[in-house]
Amino acid sequence: DAGKMEFSWILFLCLSGLAFSDDRFLLQTNTLPSDNRFIPAVGNGHVATQVYEDTIFINNVYNGFGNDSHRARIPSPVAVKPQPPGDNLEETYTLDMFRGSFVAHFDTDAVTVEQEIFSPRSRPHLLVNQITATRKNENGTSHEIALETNWEPDSPDVDLTFEEGEEFTYAHGSTKEAEYNISA
């Protein structure tokens, strides 16, 4: 359709860890704000999301005609929060403003889980949700880590097509309504 915006993004789920940066750039808490307006956002100037929220936004992707134009809401597949097994859960959330990442650390008597959400400046179309789990006991007991998500593939603003790869999911689509009529 004339005037509709085309876009694409890629989600990688990585299973490894990265080192922290200088403490001067870290904001840390044991609880997330109850008001969603204060939940940290992670982005690189092209793609961004609010941590654990159901939407990502991509630079220059708008939906709606004329004065109804707005940033298109694209479903966020990185809106995943680990739910580690075990008792005595301790949570720590860190916004690393130097590296542009959000790190959640979950510690129970059974496992330690670290999650990092970031969008690298060197790969502008990429959002990464990296989860590392470490078992605390050495007796070979396996643990299942539930992943809580509010992700829905439907959007009021975009039509998406998904393609599954061996290590990634690729999504592409177009906005549902053009900002203006280019055929006039």
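As the structure is a computational prediction, the values presented were derived from the model and not from experiment. (Residues numbered from 1 in each chain as written. Predicted model: local features only at pLDDT ≥ 70, side-chain atom pairs only at ≥ 80, totals over all residues. Heavy atoms only, no water.)

**As for the nonpolar core**
Among the nonpolar cores identified, the biggest contains 16 residues, and Val51, Tyr52, Tyr93, Phe102, Ala104 and Phe106 are the most heavily contacted of them. Those elements that provide at least two residues to this core are strand S11 (101–107), strand S12 (111–118) and strand S13 (126–135). Examining the composition of this core, we find that four residues originate from one element, S12, more than from any other. Apart from the residues lying within four places of it in its own chain, the contact partners of Val51 are Ile39, Pro40, Val42, Phe102 and Ile117. Judged by nonpolar contacts, the second largest core, of 10 residues, contains Val47, Ile56, Ala72 and Ile74. (Core = buried A, V, L, I, M, F, W, Y, C linked by side-chain atoms within 4.5 Å. Buried < 20%, exposed > 50% of the residue type's maximum accessible area, 1.4 Å probe, protein only. Helix = DSSP H or I, 4+ residues; strand = E, 2+ residues; numbered from the N terminus. Contact = heavy atoms within 4.5 Å.)

**Comments concerning the sheet that holds strand S4 (residues 47–50)**
Spatially, the four strands line up as an open sheet ordered S3-S4-S5-S8, and their pairing is antiparallel. The sheet is open, and its two borders are formed by strand S3 (41–43) and strand S8 (74–75), each paired with just one other strand. (Pairing = 2+ DSSP bridges.)

**Topic: the confidence of the model for the chain**
Residues at a pLDDT of 70 or more form 87% of the chain, whose mean pLDDT is 84. Looking over the chain, one finds the lowest element-wise mean pLDDT in strand S1 (residues 6–14), namely 48, and the highest in S11, namely 95. Contacts of residues 10–21 to residues separated by more than four positions or lying in other chains number 42 contacts, the stretch itself having pLDDT below 50. (pLDDT = per-residue confidence, 0-100.)

**What about the packing of aromatic side chains?**
In total, this model carries five aromatic pairs according to the counting rule given. Look at Phe25 and Phe98: their rings are 5.1 Å apart centre to centre, the planes differ by 45 degrees, and that puts the pair in the tilted class. Placement of Phe25 in the loop between S1 and strand S2 (26–29) and of Phe98 in the loop between strand S10 (90–96) and S11 is noted, with a sequence separation of 73 residues between them. With relative accessibility at 47%, the residue Phe98 sits in the partly exposed group. For the pair Tyr93 and Phe102, a centre-to-centre distance of 6.0 Å together with 20 degrees between the ring planes defines the contact as stacked. (Phe/Tyr/Trp six-rings, centres within 6.5 Å; stacked < 30°, edge-to-face > 60°.)

**Some details on the pattern of salt bridges**
Per the stated rule, a full pass over the model turns up seven salt bridges. Among the ionic pairs, Arg37 bridges to Asp35, the shortest N-O distance being 2.6 Å. For Arg37, a relative accessible area of 66% puts it in the exposed group. For Asp35, a relative accessible area of 27% translates into the label partly exposed. Here Asp96 makes a salt bridge to Arg99, at a shortest N to O gap of 3.9 Å. By relative accessible area, Arg99 is classed as partly exposed at 28%. In the salt-bridge network here, residues are joined through shared partners; they are Asp96, Arg99 and Glu116. (Salt bridge = Lys/Arg side-chain N within 4 Å of Asp/Glu carboxyl O.)

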